[in-house]
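Inside the fold
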Amino acid sequence: MTKKLLLFTFSIVLTALNLFAQRQPICGFDHAHNQLLQQSASYAYNVNDFNIKWAAQQKLAEQARFLITGTDTVYEIPVVVHVIYDTNPTIGSVYNPSDAQINSMIAYLNATYAAQWSAYPDTNNGGVRVPMKFVLAKRDPNCGPTTGINRVSGASVAGYSSDGIKHNGTVGADEATIKNLSIWPNTDYYNIWIVNKIDSKDGITGSGSFVAGYAYMAGTPAPLDGTIMLASQAVAGSITLPHEIGHAFNLYHTFQGSVGTTCATNTPNCNFSGDFVCDTDPVLQTNFNCPLTTDINTCTNAPYGYLAHNFMDYSNCQDRFTAGQRTRMRAALLGSRLTLAMSTGAVAPPPSLLVASNCTPTINPANVANTYNGGITRVRVINASNVSLIDNTTGTYSGDGSKVYLDKTCSQSAIITPGATYTIRLNNTSRASQKAKVYIDYNNDGIFNPAAYPAGELITSGVAPNNPNQSYAFPYVAPTTGITFCTPLRMRCIMDTSSNIGPCSQLEVGQAEDYALTFKPTD
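These numbers were taken from a predicted model, which means no experiment stands behind them.

Re the packing of aromatic side chains
Inspection of every chain in the model, using the stated rule, returns 20 aromatic pairs. The interplanar angle of 70° and the centroid separation of 5.0 Å between the aromatic rings of F255 and Y314 together place this pair among those described as edge-to-face. Here F255, found in the loop between α8 (240-248) and β8 (296-297), pairs with Y314, found in the loop between β9 (302-303) and α9 (323-333); they are 59 residues apart in sequence, far enough to count as distant. The two residues F255 and Y314 agree in class, both being buried. Above the face of the Y306 ring, R320 is positioned so that its terminal group lies 4.1 Å from the ring centre. The side chain of R337 reaches across the aromatic face of F249, ending 5.6 Å from its centre.

Digging into the sheet that holds strand β11 (residues 378-382)
Strand order in the open sheet formed by four strands is β12-β11-β15-β18, and the pairing between neighbours is antiparallel. The open sheet terminates on both sides in strands that have one partner only, identified here as β12 (388-393) and β18 (471-477). Put simply, the sheet's adjacent strands are angled 10° from each other on average, direction ignored. Here β11 pairs with β12 via five bridges, running antiparallel. Across the sheet, the residue bridging to V381 is I390, located in β12.

Examining the confidence of the model for the chain
For the chain, per-residue confidence averages 88 on the pLDDT scale, and residues scoring 70 or more make up 90% of the total. Contacts of residues 1-21 to residues separated by more than four positions or lying in other chains number four contacts, the stretch itself having pLDDT below 50.

Description of the environment of I424
When you line up the elements, I424 lands in strand β15 (residues 421-427). A relative accessible area of 0% places I424 in the buried class. Once you skip the residues sitting within four places of it in the chain, I424 turns out to touch R380, V381, I459, Y472, A473, F474, Y476 and M491.

Structural notes on the side chain of E513
Positionally, E513 belongs in strand β21 (residues 511-519). Of the side chains with opposite charge, K408 comes closest to the buried, unpaired E513, at an N-O distance of 7.3 Å. A polar side-chain atom of E513 sits 2.6 Å from a polar atom in the side chain of Y515. With residues near it in sequence (within four places) discarded, E513 still touches I376, V379, N392, T394, D400, L406, M491, R492 and C493.

Points about the pairing of strand β14 (residues 413-416)
Side chains A414 and I416 project from β14 onto a buried face, and the interleaved S413 and I415 project onto a face without burial. Bridging between β14 and β21 involves four bridges; their strand directions are parallel. The partner of I416 across the bridge, within β21, is F519.

A closer look at the nonpolar core
If you look at the biggest cluster of nonpolar residues, it comprises 75 residues, and the most contacted ones within it are Y113, M132, F134, Y190, I194 and F249. Y190 has contacts with I77, P78, V79, V80, A215, G226, T227, I245, A248, R337 and L340, leaving out every residue within four places of it along the chain. I390, A464, I483 and F519 belong to the second largest nonpolar core, which has 27 residues in total.

What about the packing of helix α3 (residues 41-55) against α9?
At a closest axis distance of 11 Å, the pairing of α3 and α9 adopts a crossing angle of 130°. Relative to α9, the element α3 lies oblique. Like other packed secondary-structure pairs, α3 and α9 cross with a definite hand, here right-handed. Two secondary-structure elements touch here, α3 through F50, N51 and W54 and α9 through G324, T327, R328, A331 and A332.

Quick word on the packing of helix α5 (residues 99-113) against α8
Following both chains from N to C, one finds α5 and α8 inclined at 60°, their axes separated by 9 Å at the closest point. As summarised for this structure, α5 and α8 are arranged oblique, according to the angle between their axes. As for how α5 packs across α8, the hand of that crossing is right-handed. Residues M105, I106, Y108, L109, T112 and Y113 of α5 form the contact with α8, whose participating residues are L241, P242, I245 and G246. Among the residues making up the contact of α5 with α8, the classes are represented as eight nonpolar, two polar and no charged.

What about the side chain of D514?
Along the polypeptide, D514 turns up in strand β21. Side-chain polar atoms of D514 contact the side chain of R490, separated by 3.1 Å. Aside from chain neighbours lying at most four places away, what touches D514 is Y405, L406, D407, K408, T409, R490, M491 and R492.

Quick look at the state of the cysteines
One pass over the structure, following the stated rule, counts four disulfides. There is a disulfide in this structure between C263 and C299, and the S-S distance comes to 2.0 Å. Every disulfide takes its handedness from the sign of the S-S torsion; for C263 and C299 that torsion is -85°, giving left-handed. Taken together, the positions of C263 in the loop between α8 and β8 and C299 in the loop between β8 and β9 put the pair 36 residues apart, joining distant regions of the chain. What makes C263 partly exposed here is its relative accessible area of 26%. Ordinal numbering of bonded cysteines along the chain defines a disulfide pattern of 1-5, 2-3, 4-6, 7-8. Here C27 stays unpaired: no disulfide links it, and the sulfur of C317, its closest cysteine neighbor, is 17 Å away.

Section: the environment of N186
Positionally, N186 belongs in the loop between α7 (175-180) and β5 (190-195). For N186, a relative accessible area of 18% translates into the label buried. Contacts of N186, omitting those with residues within four sequence positions, involve N191, T220, A222, D225 and L340. Within the local environment of N186, its side chain forms a polar contact with the side chain of D225, the two groups lying 3.1 Å apart.

Concerning unusual backbone geometry
In this model, Y453 is joined to P454 through a cis peptide bond whose omega is 20°. Here P454 shows up in the loop between β16 (435-440) and β17 (458-463). A positive phi is found at N386, a non-glycine position, where the angle reads about 65°. Residue placement: N386 occurs in the loop between β11 and β12. Although it is not a glycine, S402 adopts a positive phi angle of roughly 60°. Looking at the element boundaries, S402 is found in the loop between α11 (396-399) and β13 (405-407).

Calculation notes
- Residues numbered from 1 in each chain as written.
- Predicted model: local features only at pLDDT ≥ 70, side-chain atom pairs only at ≥ 80, totals over all residues.
- Heavy atoms only, no water.
- Phe/Tyr/Trp six-rings, centres within 6.5 Å; stacked < 30°, edge-to-face > 60°.
- Helix = DSSP H or I, 4+ residues; strand = E, 2+ residues; numbered from the N terminus.
- Buried < 20%, exposed > 50% of the residue type's maximum accessible area, 1.4 Å probe, protein only.
- Lys NZ or Arg CZ within 6 Å of the ring centre and 35° of its normal.
- Pairing = 2+ DSSP bridges.
- Axes fitted to C-alpha atoms, helices over the stretch in contact; angles between N-to-C directions.
- pLDDT = per-residue confidence, 0-100.
- Contact = heavy atoms within 4.5 Å.
- Lys, Arg positive; Asp, Glu negative; His and termini not counted.
- Salt bridge = Lys/Arg side-chain N within 4 Å of Asp/Glu carboxyl O.
- Polar contact = N/O pair within 3.5 Å; in protein donor to acceptor, adjacent residues only side chain to side chain.
- Core = buried A, V, L, I, M, F, W, Y, C linked by side-chain atoms within 4.5 Å.
- Parallel < 35°, antiparallel > 145°, perpendicular 65-115°, else oblique.
- Left-handed = near helix turned anticlockwise from the far one by under 90°.
- Nonpolar A, V, L, I, M, F, W, Y, C, P; charged D, E, K, R; others polar.
- Disulfide = S-S within 2.5 Å.

Shown next as structure tokens:
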């Protein structure tokens, strides 16, 4: 290489380093997470509950049931990307990335989690495979076909066009308002919002640090759950999305608990201190540097190793997770986020849909704003081998955003064997004296006959326990005659304080949810 070329190359490197130093993308998780801990008792409870179980190394019930053995097990997670552009609707413009760009971003995300991105170490060289694959949704909440990409203008929301989302500043649009422009159920899809700016910074112009994105942990209230990220970071090779998805599945930063030059402790239980992961030592923020593996980590007086290379660090050489982080992410998936793994949102919609119901329950007008937490928190259909064919967690009437009726038939369905015995279980909160009823539209006419089966379509009626996290459960023997076979049939589950609930009733404080069952005789 000639001296002239060497100097020119060195100049380019210096220029690139200066630009990087001027614009440092940081994660907004800490601020968003800590703020929500103060604002939402349910979020604080859910995060702490997970950490307690994690620290005690208790396997969640879902893990023992749902975990499939084998090295090739991968859990598919439906994803929907909401592009919130400002005043320019042109696809491919700076704040409105093209479908191809978004698809390449998702492909990069999957390659990082599979330890298969060419620039990062594979599983033979220090990389760790996380068995999750993120798939752009193929069916929408109404069971129609979709690309998994929604584009909505945010220009109507005050402050958005000029300053984007307000996160830790004083200008910009309200986060929940922007998310409400386009949001899908967080039980069936993981929501990602691409925005123009956060706190008036777009990651393209200006200097200094900027928030590249942020996410919330599992257990976040539905209207907020998901990842927000800058359009400038929505590209393959940007660490923002792999990092934020780590937070979404309950990973902290590797430097969690460290403040300034004071290191986090790692005792007495490394699963309940620092970042709650034992194979990531306490460390201080690397501040976009990349210490050598042989440099001394002042928190342990031992070599750094590959701590700075971790996806959950703040360095410029992030390229891997650890085995402990993989275990923690999988625990979150098979715990609070289990419904994502069981959702059919990533599967193309079937050619024929269920017959529409002729009615849906309503709520007593006097109780529209009730916060009694009445209604259903979880529905399961469990076979004789104790495997849940349907397992869907929701948030009661008030917890679901004052929704008295949820249609889950597209995303939550099961194949039932006539003559086989199942357990159908409806969870509730501690709201007193909730009544439970379940109907199945056996003749597939869209009308629930309120009489008990076999003359009608009511398959159970009872009173749910009052204790927190209890459930109303009953054995169900699938009929062998008198029903429509090989066609999805609507199952309606209802919980309410009223004694007169029916398939089309006006409920007091509860809710109804529909699921799909297909009765398929064995060959």
